[in-house]
Structure formats: structure tokens, C-alpha cells
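Here is what each chain is made of, one letter per residue.
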Amino acid sequence: MSAEVAALRERLIDALIARNYLHDARVIDAFRAVPRHLFVPSEPLDRAYSEESIITRRDERGVPTSSSSQPGVVAVMLEQLELAPGMRVLEIGAGTGYNAALIARLVRPGGAVTTIDVQPDVASEARAHLDAAGLGDVDVRDGDGWLGAADRAPFDRIEATVSVRDVSPAWVAQLAADGVVLVPLALRAGGQLLVAFERDGERLVSRSVRGGGFMPLRRPGLAPATYRDVAGWRVVADLAPDDLAVLEEVLAETPRVERAAIAQQAPFLRLGLDRPDAISLANADGWGAFGLFDSERRSLAAFREGELIVFGRDDARELLLSWASTARGIETLHFEALPRGATIASGALAVLEREHHTIVVRER
């Protein structure tokens, strides 16, 4: 390894430690052992060892479909998994193969890694990257990750590196009795949290919750549910048709922009849990914002990078500022995934009905 690569690698590791993403000595050693530039060979070395995610595929609309994930999020999830030698691991979303390589280092000796990607060309490139890094023993497959890999089960750990609205029943069936399934769980209004679940009878209960997000799971023949185009904006929100019509009119107005000093971004990861009127926006310039939309009062307000953007009346602005002044962080959240139809005890912060599970969120 060249001196330049070694220096860039150490700079990245130091930055991840300084930003509180990376703590575990074994995970740090894995970052040192796996050369990220081999997994993004078309990128300059300084970008390969930056803290950025690197988009590697886009669809016909220009929407990203695959990437090398932001190293900080990769580090957080690896520490959530608590990997150990000898473990069998399933990864949903192979991407460049970099995360599978890190996992492979952490489960040696005796462990086994299977990674699946729905895009055959992505899986093929991940295979080539892993071979180049000397990790030809990782089992790379193209196919529907939602179905898992029953022939390789049971798995001690299952990690989705794509966001999901629900936990696949196949993953639950393929999970070892004391196993952990880690998913970027899609909430309301485009929000996501990294939730590590473990079994408790018929329930899955969270053992850790962290901030982070990923592109949505893609399945053969099924377009991922992502956003709606409204007046030139990409919008994620739970809205009735009449509300969508009002939103289009409101977004056509010129927004008012003001400075907004927000102490931390973490509370906004839970905006969609606290407020059913939450909304997220993105425009053609690539910036995103999270906020509230009041259809009846024709008012929308959203935070983005130290600014507050207001469309229409000020009602949503006042609600959003009030919420932000008292919002709690994510460290107190506890998730349960219950079989559909299960009895839900009172006092839940949010109840999210999904196809296979009811997701119940509470304050610990």
C-alpha cells in the first residue's frame, strides 16, 4: 500500500473517531485492513477516502440506485451489529462490496458473508472489487434481497443497507434464535433510523437505535416508494389528494427564508414520529429540508442547514419552531415490530401499520 493511500486512510479513520462514529478497536482495524479505493476504482484517491457517500448508479430519472455509503454510517452500523469471529452474516444491498469486505474481516476466522443485490451489474462489480481486495470467499448474489438466502441460513446477523418500511418475514425466518437484524427503517415523511432488532418471542424489539439513512429497497418488477413530484419539488408526506392540490399551490409561491440556529440535527430524525403532518422536500439543486405542512391554513415551513424556509402563512412556522424547542433526541426511542393484528398497549409515541408488522415506537 502506498504512503499516500495509508495517509488518506488514517485521515479518514481519525475523522470518523473525532465525529464519534467510530469507537470499537476491531472495527477500526477493519477500516485499516480494507482499501476503500479498490471498491470505487474510478474515483480519485482523496475522494475514495473522504467522508462522503459516492453515487455509483442512477436510474433513467437521475435518481441514485446504488452507492458506496458514507463511511460514518457504515461505521455506526458495524458497531451496532457487534460482529464476532465465526458469525454468519447476510447483507441486503451489495453496493460496491466495501461493507461486505469490512464484515468479512470482522467475522474471521470461521465466519461467512453473503451479500445480495437486485441489480446484476452491481453484484458483478461487487464480486470483482472483493476479488481485487483478496476477499473471494464472500458469497455475492444478484436477486431479490427481500427473500434473503434460505440455503445459507441461519444467520447470526442480517443487515440491510437499503431502507425498508417493514422487516421481511424471510429475514425473521432465517435469523438465528439469538440473532440481530439491522435495518434503516423508513418512518413518516422520508425520515429513517437505523434500528437493530432482536427476537423476543413473536416480537422483534430494538436493542439500539442510531441516526442514518439509505436508498430504498428495490425489488424485481416493483418500483420503490420514494417521493412525489409536486410543483417541481420531490415531496415525501402522507397526504390526501385534496391536500396535494393545496401543496402544489403553496409550493408555487416564493418562499421566505430566515436564519434558524438549531442546536442539533438529531431531533429532526424523529419529526415524522412526533408529527403526522411532517413533510420532507428536495429541489433540483439537491438540497433537502424537513418540516410541517398545514393544508387547511395553506402553510408550510421546513428547516435546512441553518435556515428556515416558509411558504404561505406563518402557522406551520410557529408550530415547527415550537416543536424544535422541545424535541427530544433519538436515544430514548424504543421500537417493537409486532405481528399484524397484535394488541397494542396504550402510550405509544407512534404506531406504523406495515404489510407484515405493526411498528410501535415508545419512549424508554
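Residues numbered from 1 in each chain as written. Predicted model: local features only at pLDDT ≥ 70, side-chain atom pairs only at ≥ 80, totals over all residues. Heavy atoms only, no water.

1. Let's talk about the overall build of the protein
Helix and strand counts for the protein stand at ten helices and 19 strands. Whereas a compact globule of 364 residues would reach a radius of gyration of roughly 21 Å, the protein reaches 21 Å, a difference of no more than 12%. Dimensions of the protein, computed from the C-alpha atoms along their principal axes, are close to 60 × 50 × 40 Å. Residue burial in the protein is summarised as follows: out of 364 residues, 52% are buried. Excluding contacts between residues fewer than 6 apart, the proportion of contacts in the protein whose partners are at least 24 apart in sequence is 55%. Accessible area of the protein: about 16000 Å², with a carbon and sulfur share of 49%. (Helix = DSSP H or I, 4+ residues; strand = E, 2+ residues; numbered from the N terminus. Rg over C-alpha atoms; globule rule 2.2 N^0.38 Å. Buried < 20%, exposed > 50% of the residue type's maximum accessible area, 1.4 Å probe, protein only. Contact = heavy atoms within 4.5 Å. Areas by Shrake-Rupley, 256 points an atom, 1.4 Å probe, with all protein chains shown as cover.)

2. Overview of the environment of P169
Mapped onto the secondary structure, P169 falls in helix 7 (residues 169-174). Look at P169 and you get partly exposed, because its relative accessible area is 34%. C-alpha of P169 to C-alpha of H356: the two residues are 187 residues apart in sequence and 7.2 Å apart in space. With sequence-adjacent residues up to four places away left out, P169 is seen in contact with W146 and H356.

3. Considerations on the pattern of salt bridges
Summed over the entire model, instances satisfying the criterion amount to 31 salt bridges. Here R32 ties to E10 by a salt bridge, and the two come within 2.8 Å at their closest N and O atoms. Note that R32 is positioned in helix 2 (residues 25-33) and E10 in helix 1 (residues 3-18), a separation of 22 residues in sequence. Here D315 makes a salt bridge to R313, at a shortest N to O gap of 3.0 Å. Where salt bridges share partners, they join R9, E10, D29 and R32 into one cluster. (Salt bridge = Lys/Arg side-chain N within 4 Å of Asp/Glu carboxyl O.)

4. Details of unusual backbone geometry
Here the residue pair R108 and P109 is connected by a cis peptide bond, since its omega of -5° sits within 30 degrees of zero. Tracing the chain through its elements places P109 in the loop between helix 5 (98-107) and strand 4 (112-117). Along the chain, A153 connects to P154 via a cis peptide bond; the corresponding omega equals 5°. For A231, which is not glycine, the phi dihedral falls at a positive 55°. Of note, A231 is situated in the loop between strand 10 (228-230) and strand 11 (233-236). The class of A231 is partly exposed, set by a relative accessible area of 34%. You will see that R298, though not glycine, has its phi angle at about 55°, which is positive. Inspection of the secondary structure assignment puts R298 in the loop between strand 14 (288-294) and strand 15 (299-304).

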